[in-house]
Amino acid sequence: MSLLKTTVIEMLGAILLTVLSGPLALAQEVRVGDLTENAKQGKEVYRRYCVGCHGQLGNGQGENAPHLDPKPRDFTAAVFKCRSTPTGSLPLDTDLFETIGRGIHASAMPSWYPLTRQERVNVVASVKGFSPRFHEEKPADPVPIPPEPPTASAGIARGKQLYKKLECWKCHGQEGRGDGPSASTLTDSKDRPIVPYDFTTGERFKCGQSNQDLYRIFMTGLDGTPMPSYLEDVTPDQAWDLVHFLRTLQVSPEKHMSLRDLVRRPSHVEEKLNR
Amino acid sequence: MKLFLDRHNLKSSFCRMGVLLALASACTPAYGIPAFARKYGLRCSACHEAWPKLNNFGQVFKDNGYQIMNDRDGPIWQNVSYFPVTFRITPQWHREDNNNMAIDHTAGVSTSGLVEAKVTTSGFDLSGLDMWTAGTLAKNISFLVLPSTDANGNFHFESAWIRFDNLLDSGWFNLKFGKHELDTPISEKRFLQLTASGGFFQLYHFTPTTDINSFGGIGNNQLGIELTGHSRNSYTRYALSLLSSNSGGVNLPTSQTYDIYANVNQAFELHNLGLQRVGVYAYWGQSPTYFLTSAGVPIPGTGSGSRPFYRAGTYGIWYIRKLDFSTLYMRGKDNVFLGTGTPFNQPAALPAGAHAPTWNGGFVETHYTWSPQLILVARYEAIRLSQQAFRIGTPLPSGVPLTRDFGNTDAVVFGYRWYPIMTSRAGLAWHQEYARVRIRHAAPVTGRDETTSSFLMGFDVDF
């Protein structure tokens, strides 16, 4: 009987701890399109899919975190790479929603697109619940992205000049291989080594794969990494020139080819990967 | 916070399990692969509603050829010490009842005549051992090899295939070659029952008692090629297989004909209730009615006089948040030569009034996923013969005349699975299950109903 009592007490304690140590109960309202969050379900979805890496407390210290590179995001800091808002600002709900659906390329963070839209909205609520910043601040307005001008050789040349002038090469290298003189010294906001993007791999970017995504990345910066925001340094036209130049750096090595590429080696592989 | 073994030692957890067992003597595997969890750092619960039952993320992962499509799926990206291998075995205690088993009137005296009696066996036991290895050989080239043994160590290949993924750079074209699980409506390899009576879908393996169809059912892994495709989130899926008519047996044991299987399904979101899925499927095959013989002994692979059969139906998977229902309907029909066991080269031997046996069946299986670490499960299954192969009234081997409901089957299963260990490294489930199956007039001596039941409790270990 004493064993039974002990067990019941232990289980009640476990339930209580689960409730208390989960995402903060004061999760902010989340709205994505016509969907609003269900914080309780969000906690359950977070526990099922996210807790192994991001941890029960959202601090990026899940059981699997020691084995991952890059490390899982620490939600308690409320610092996010992929945003549509200016550097230093909180992300919009849609930014978090899209990151969850897209995943973070070349990391352990998969695309959670297979989850229902409602589940992803619920997870956004859980993520926001880990940091008091979401209670105290509002996200800034998103950085506008003007329509993309046509690609032209003159624009690419101007982009190349900007690449030098803005000293992108110091990290990303003269040929965009991620091997600039500063590359080996870079660290993230937690003093962990971090490597700059290698354009020549042709891989997707961490925060998307379209030209608009690339534009957004260097206008907003990747908070928590050494990649700064150039919103104050370049005009929209210059930003597009830089986008068009960066696309010329991308080639497709065999290791990223699909089976068909390996077999048929079509001439349009580069074009396809650059889309 | 990490529940159970994360915070408590093994001993105290076992104590709790014992108490839970005493309190609720009625709380529940096939394919759960911690090798993937170790590769990607995801917990079992990321891919499994409750392993081995897949959720939609796991379905997409499987549909992508065991890839999460982050350009890091190829083995070249893995630590050199990583090897994708998983072992699964279930130490257990179980009890089996058969209410009308044929036994010798005097034990040990085979001439004393047969009588029926209730036979019960019980004790500690082991399941077979599955030794999984699966993953990617390169980007978009996947493989799976599953050597498996029974509880006595007899070895066979449950599955062995290679798959070429995303052909034409499209998720709609994937080609699998080898022995594989059919893309069944509701996977029997990933369901949550283990007992001898309840550890399979009756419908997936049903053939009438007098039938000689060599097809083991859509639940059996088959040898052949499979073309599959899916949308990005696998809401829309299809599978089309061309299979040797050997029911998955190796060394070409039966015949040289081919079967076809197809499955198409569509999922949709219903407000915040969850993901709903509906689909249709069909298997069309042939089975031999006689073999070439040598001194009267059939020569393997020479099955001849093949006659057709089919299994077809529709299904749905319905979610009401934590509660879900899997529903399936199947209609089956075997050619009259198969149904009556008559060689096709001896048509005159067909019994008078013989028909192609036909049946309808279905099941409803429900799960309540309390949390990723506890799931309750129940299932009811029914099979009804709508056309017997022989004329009604024909004497059965027991001497009892054939009735319309001969062979009708009802099965119920309920149980639960509790997962004290569910990490990105390994899985352990405590499983309890009760199952009961009744087959009308199947008792071998008296022609009474035959009822079997099973109770099992044990640890399902996946590492």
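Parameters and conventions
- Residues numbered from 1 in each chain as written.
- Chains lettered and ligands numbered in written order.
- Predicted model: local features only at pLDDT ≥ 70, side-chain atom pairs only at ≥ 80, totals over all residues.
- Helix = DSSP H or I, 4+ residues; strand = E, 2+ residues; numbered from the N terminus.
- Buried ≥ 20, exposed ≤ 12 C-beta atoms within 10 Å, placed from the backbone.
- pLDDT = per-residue confidence, 0-100.
- Contact = placed C-beta atoms within 7 Å.
- Domains from an automatic or database assignment.
- Nonpolar A, V, L, I, M, F, W, Y, C, P; charged D, E, K, R; others polar.
- Expected span 1.5 Å × (residues − 1).
- Pairing = 2+ DSSP bridges.
- Axes fitted to C-alpha atoms, helices over the stretch in contact; angles between N-to-C directions.
- Left-handed = near helix turned anticlockwise from the far one by under 90°.
- Core = buried A, V, L, I, M, F, W, Y, C linked by C-beta atoms within 7 Å.
- Parallel < 35°, antiparallel > 145°, perpendicular 65-115°, else oblique.

## Comments concerning the overall build of chain B
Then step 1. Looking only at helices and strands, one finds 6 helices and 22 strands in chain B.
Then step 2. Principal axes of the C-alpha set define a box for chain B whose edges measure 70 × 55 × 50 Å.
Then step 3. The 463 residues of chain B split such that 47% are buried.

## Section: the confidence of the model for chain A
Residues and elements named next belong to chain A.
Then step 1. Summing up the model confidence of chain A, the mean pLDDT is 84 and the portion of residues at 70 or higher is 81%.
Then step 2. For residues 16-27, every residue scores under 50 in pLDDT, and the model assigns this stretch 22 contacts once sequence neighbours within four places are set aside.
Then step 3. A low-confidence stretch, residues 253-275 (pLDDT under 50), is modelled with 30 contacts involving residues beyond four sequence positions or located in other chains.

## A look at the domain arrangement of chain A
Residue and element names in this part refer to chain A.
Then step 1. The domain architecture assigned to chain A consists of domain 1 (24-136) and domain 2 (153-274).
Then step 2. In this assembly, 15 residues from domain 1 lie in contact with 17 residues from domain 2.
Then step 3. Of the residues in the side of domain 1 that touches domain 2, the class split is 6 nonpolar, 5 polar and 4 charged.

## With respect to unusual backbone geometry
Then step 1. The amide bond that connects Asp69(A) to the next residue, Pro70(A), takes the cis arrangement and shows omega of 5°.
Then step 2. Summarising the element assignment, Pro70(A) is placed in the loop between α3 (51-54) and α4 (93-102).
Then step 3. Here Trp51(B) and Pro52(B) are connected by a cis peptide whose omega angle stands at 10°.
Then step 4. Inspection of the secondary structure puts Pro52(B) in the loop between β1 (48-50) and β2 (53-54).
Then step 5. Even without glycine at this site, Asn166(B) takes up a positive phi of about 50°.

## Remarks on helix α4 (residues 56-63) of chain B
Residues and elements named next belong to chain B.
Then step 1. Taken across its 8 residues, α4 has 8 buried, putting it largely inside the fold.
Then step 2. Taken residue by residue, α4 has Asn-56, Phe-57, Gly-58, Gln-59, Val-60, Phe-61, Lys-62 and Asp-63 as its buried positions.
Then step 3. If you follow the buried residues of α4, they end up packed against α3 (44-47), β1, β2, β10 (222-230), β11 (236-244) and β13 (274-287).
Then step 4. Gly-65, located one to two residues past α4, shows a positive phi value of around 80°.

## A short note on helix α10 (residues 236-249) of chain A
Residue and element names in this part refer to chain A.
Then step 1. Over its 14 residues, α10 extends 20 Å from the first C-alpha to the last, a length consistent with the 20 Å expected when each residue adds 1.5 Å.
Then step 2. Taken as a whole, α10 has its buried residues at Ala-239, Trp-240, Asp-241, Leu-242, Val-243, His-244, Phe-245 and Leu-246.
Then step 3. The inward-facing, buried residues of α10 abut α7 (153-165) and α9 (211-220).

## Here's the deal with the pairing of strand β6 (residues 129-138) of chain B
Note on strand geometry: in a regular strand, side chains alternate between the two faces of the sheet.
Residues and elements named next belong to chain B.
Then step 1. As paired elements, strand β3 (residues 85-89) and β6 share 4 bridges and run antiparallel to each other. Note on β6: the bridge partner recorded for Thr-86 is Trp-132.
Then step 2. With 7 bridges connecting them, β6 and strand β7 (residues 141-149) associate as antiparallel partners. Bridge pairing in β7 places Asp-130 opposite Ser-148.

## Brief notes about the packing of α4(A) against helix α5 (residues 117-128) of chain A
Pairs of packed helices are described in terms of their axes, by the angle between the two and the distance that separates them.
All names here are of chain A.
Then step 1. For the pair α4 and α5, the least separation of the axes is 9 Å and the interaxial angle reads 115°. Of the two possible hands of crossing, α4 and α5 adopt the one that is right-handed. In contact with Asp-93, Leu-96, Phe-97, Ile-100 and Gly-101 of α4, α5 contributes Arg-120, Val-121, Val-123, Val-124 and Val-127.
Then step 2. For the contact of α4 with α5, the class distribution of residues is 7 nonpolar, 1 polar and 2 charged.

## Quick look at the environment of Ala160(B)
All names here are of chain B.
Then step 1. Tracing the backbone shows Ala-160 in strand β8 (residues 155-164).
Then step 2. Residue Ala-160 is classed as partly exposed on the basis of its C-beta count, with 17 C-beta atoms lying within 10 Å.
Then step 3. If near-sequence neighbours (up to four positions away) are discounted, Ala-160 is found in contact with Val-145, Leu-146, Gly-178 and Lys-179.

## A few points about the nonpolar core
Then step 1. Grouped together as the largest cluster of nonpolar side chains are 78 residues, with contacts concentrated most on Val123(A), Val124(A), Ala239(A), Val243(A) and Phe57(B).
Then step 2. Looking at this core, the element that brings in the most residues is α10(A), giving 6 residues.
Then step 3. Residues from two domains meet in this core; each of domain 1 (24-136) and domain 2 (153-274) of chain A gives at least three.
Then step 4. Dropping the residues within four chain positions of it, Val124(A) is found in contact with Val30(A), Glu37(A), Asp93(A), Leu96(A), Phe97(A) and Ile100(A).
Then step 5. In this structure, Leu182(B), Leu203(B), Leu243(B) and Trp359(B) belong to the second largest nonpolar core, which totals 23 residues.

## A look at the pairing of β11(B)
All names here are of chain B.
Then step 1. When β10 meets β11, the two strands line up antiparallel, connected through 7 bridges. Along β11, the bridge assignment pairs Gly-229 with Tyr-238.
Then step 2. Between β10 and β11, which pair antiparallel in sequence order, lie 5 residues; one of them, Ser-234, sits at a positive phi of approximately 60°.

## Examining the packing of α9(A) against α10(A)
All names here are of chain A.
Then step 1. At their nearest, the axes of α9 and α10 sit 10 Å apart, and the two run at 120° to each other. With respect to α10, the axis of α9 lies oblique. The interaxial crossing formed by α9 with α10 has right-handed handedness. For the pair α9 and α10, the contacting residues are Asn-211, Leu-214, Tyr-215, Phe-218 and Met-219 in the first and Ala-239, Trp-240, Leu-242, Val-243 and Leu-246 in the second.
Then step 2. A class-by-class count of the residues in the contact of α9 with α10 yields 9 nonpolar, 1 polar and no charged.

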